[in-house]
Amino acid sequence: MAETAETQQVDSKQAARAERRAARLAKQIGAFAKAHGGAEGQLAYIGQMGTRIVLVGEDGGWGDLVAPSYAVAESAAQKSGITMHESFDGEFAAKVHTGPYEWTRMAGIQIGGPANRA
């Protein structure tokens, strides 16, 4: 009987911790949306590390957050009230605006661009 009470106590602590984490992430998502004139998002499972919350602002700015689990990410997205997409393609992906920094980094990593020159 004592094990059951301990297990329930541990479970309730973990649930409370997950709820606090989701609330913090929702606040960060809200701040991003406010700074970018609104936002949309997509959840991407990244394995043991958790779930990536990809955010795209109405102005084309983008960013991401990492939640410890898919459930926490889903809860945070729901609390934030932003529109969520099933996948990162089509019109949603077209909203992302990249600048010279991103293109230089991508070129440097992929084909020996400025970032890889000695």
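Check the entry above for the structure.
Overview of the structure. (Residues numbered from 1 in each chain as written. Predicted model: local features only at pLDDT ≥ 70, side-chain atom pairs only at ≥ 80, totals over all residues. Heavy atoms only, no water.)

**A short note on the pairing of strand β2 (residues 51–57)**
Filter applied, for reference: A simple rule labels every residue: compare its accessible area, found with a 1.4 Å probe on the protein chains alone, to the largest value its type can have, and call it buried under 20%, exposed over 50%, or partly exposed in between. Elements are defined by DSSP. Helices are runs of H or I of four residues or more, strands are runs of E of two residues or more, and each kind is numbered from the N terminus. A pair of strands counts as paired when DSSP detects no fewer than two bridges linking them.
Within β2, six of the seven residues are buried, leaving the element largely enclosed by the surrounding structure. Relative to β2, strand β1 (residues 39–45) runs antiparallel, the two being bridged by seven bridges. By the bridge assignment, G41 is partnered in β2 with L55. Taken together, β1 and the strand that follows it, β2, pair antiparallel across an intervening segment of five residues, in which G47 is found at a positive phi of about 85°. Examined bridge by bridge, β2 and strand β3 (residues 62–67) share six bridges and lie antiparallel to one another. Across the sheet, L55 pairs through a bridge with G63, a residue of β3.

**Digging into the side chain of T51**
Rules: Within 3.5 Å is the distance limit for a polar contact, defined as a pair of N or O atoms, with the added protein rule that one can donate a hydrogen and the other accept it, and that residues adjacent in sequence qualify only through two side-chain atoms. In this description, contact between two residues means that some pair of their heavy atoms is separated by no more than 4.5 Å.
Position of T51 relative to the elements: it lies in strand β2. Among the residues examined, T51 registers a relative accessible area of 0% and is labelled buried. Within the structure, the side chain of T51 is placed 3.2 Å from the backbone nitrogen of Y70, a separation counted as a polar contact. Dropping the residues within four chain positions of it, T51 is found in contact with L43, A44, Y45, I46, L65, V66, A67, S69, Y70 and A73.

**Remarks on the pattern of salt bridges**
Side chains that differ in charge, positive against negative, can pair when their charged atoms come close. For clarity, the threshold we go by: For this document, the term salt bridge refers to a Lys or Arg side-chain nitrogen within 4 Å of an Asp or Glu carboxyl oxygen.
Evaluation of the coordinates by the stated rule reveals three salt bridges. Here K79 ties to E19 by a salt bridge, and the two come within 2.5 Å at their closest N and O atoms. With a gap of 60 residues between them, K79 in helix α2 (residues 70–80) and E19 in helix α1 (residues 2–35) connect regions that are remote in the sequence. The class for E19 is partly exposed, based on a relative accessible area of 39%. Its salt-bridge partner being D64, residue R52 comes within 2.6 Å of it at the nearest N-O pair. Of the two residues, R52 is situated in strand β2 and D64 in strand β3; the sequence distance between them amounts to twelve residues.

**Quick notes on the environment of G38**
Within the secondary structure, G38 sits in the loop between α1 and β1. The partly exposed category is assigned to G38, whose relative accessible area is 22%. On a C-alpha basis, the gap between G38 and D59 in space is 8.1 Å, while along the polypeptide they are 21 residues apart. Every residue in contact with G38, bar those within four places of it in the chain, is listed here: A33, V56, G57 and E58.

So far we have only geometry, and geometry alone does not tell us how the molecule works.
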